[in-house]
Amino acid sequence: MTDLTANNTFVIAGIVFITIAVIGQSKLGFIEINPGCFGRFLALIIGISSLLYAVGLLNFSLANLDSVRTYLLELIQQSLTSINELLQGS
């Protein structure tokens with residue numbers, strides 16, 4: 001039998017909550033799920049955050065995070081220079 005780690009728990013919880021958000025009103029045997037509009041929205045938010053948290057629990061090294069940060073900074077700088085060129089050209 002496999003161990004139920006934190007990653008697996010959050011992935012399963014995320015899938016369950018997103019399923020509740022998508023299906024909404026249903027009856028499974030003796031269980032009736034009727035979350036309503038706000039309940040479906042809340043289940044969607046909890047499901048997405050659980051899946052994102054599960055992805056965040058993966059082992060990210062500092063080198064990977066630094067490379068992502070530098071890539072995003074370069075992308076922002078390129079966008080700012082192109083915006084400045086557009087504004088100066090008009």
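In this text the structure is predicted, and so the values were computed from the model without any measurement.

Some points on helix 2 (residues 36-56)
Piece 1. In this model helix 2 runs 30 Å from its N-terminal to its C-terminal C-alpha over 21 residues, within 8% of the 30 Å that 1.5 Å per residue would give.
Piece 2. Turning to helix 2, its buried residues number three or more, namely Ala43, Gly47, Ser50 and Ala54. Angular distribution of buried residues about the axis of helix 2 spans 65°; they occupy a single face of the element. Residues Cys37, Phe38, Phe41 and Leu52 are exposed on helix 2 and point more than 90 degrees away from its buried face.
Piece 3. Contacts from the buried residues of helix 2 go to helix 1 (6-23).

Examining the packing of aromatic side chains
Piece 1. Here the structure, examined in full by the defined rule, presents 1 aromatic pair.
Piece 2. Between Phe10 and Tyr53, the ring centres sit 4.6 Å apart and the planes meet at 75°, which makes this aromatic pair edge-to-face. Here Phe10 is found in helix 1, whereas its partner Tyr53 is found in helix 2, with 43 residues between them in sequence.
Piece 3. Given a relative accessible area of 29%, Phe10 falls into the partly exposed group.
Piece 4. For Tyr53, a relative accessible area of 45% translates into the label partly exposed.

Topic: the environment of Ser49
Piece 1. By the element assignment, Ser49 lies in helix 2.
Piece 2. Residue class for Ser49 comes out partly exposed when judged on its relative accessible area of 38%.

Quick word on helix 1
Piece 1. Compared with the 26 Å implied by 1.5 Å per residue over 18 residues, the 26 Å span of helix 1 between its first and last C-alpha is a close match.
Piece 2. Note on helix 1: the residue one or two positions beyond its end, Gly24, has a positive phi of about 75°.

Details of the side chain of Ser50
Piece 1. When you line up the elements, Ser50 lands in helix 2.
Piece 2. On the basis of relative accessibility, which here comes to 9%, the residue Ser50 falls in the buried class.
Piece 3. Here Ile46 takes part through its backbone oxygen, which lies 2.8 Å from a polar atom of the side chain of Ser50.
Piece 4. Excluding its chain neighbours within four sequence positions, the residues that come into contact with Ser50 are Phe10 and Gly14.

About the cut-offs
- Residues numbered from 1 in each chain as written.
- Predicted model: local features only at pLDDT ≥ 70, side-chain atom pairs only at ≥ 80, totals over all residues.
- Heavy atoms only, no water.
- Helix = DSSP H or I, 4+ residues; strand = E, 2+ residues; numbered from the N terminus.
- Expected span 1.5 Å × (residues − 1).
- Buried < 20%, exposed > 50% of the residue type's maximum accessible area, 1.4 Å probe, protein only.
- Arc of directions from axis to C-beta.
- Contact = heavy atoms within 4.5 Å.
- Phe/Tyr/Trp six-rings, centres within 6.5 Å; stacked < 30°, edge-to-face > 60°.
- Polar contact = N/O pair within 3.5 Å; in protein donor to acceptor, adjacent residues only side chain to side chain.

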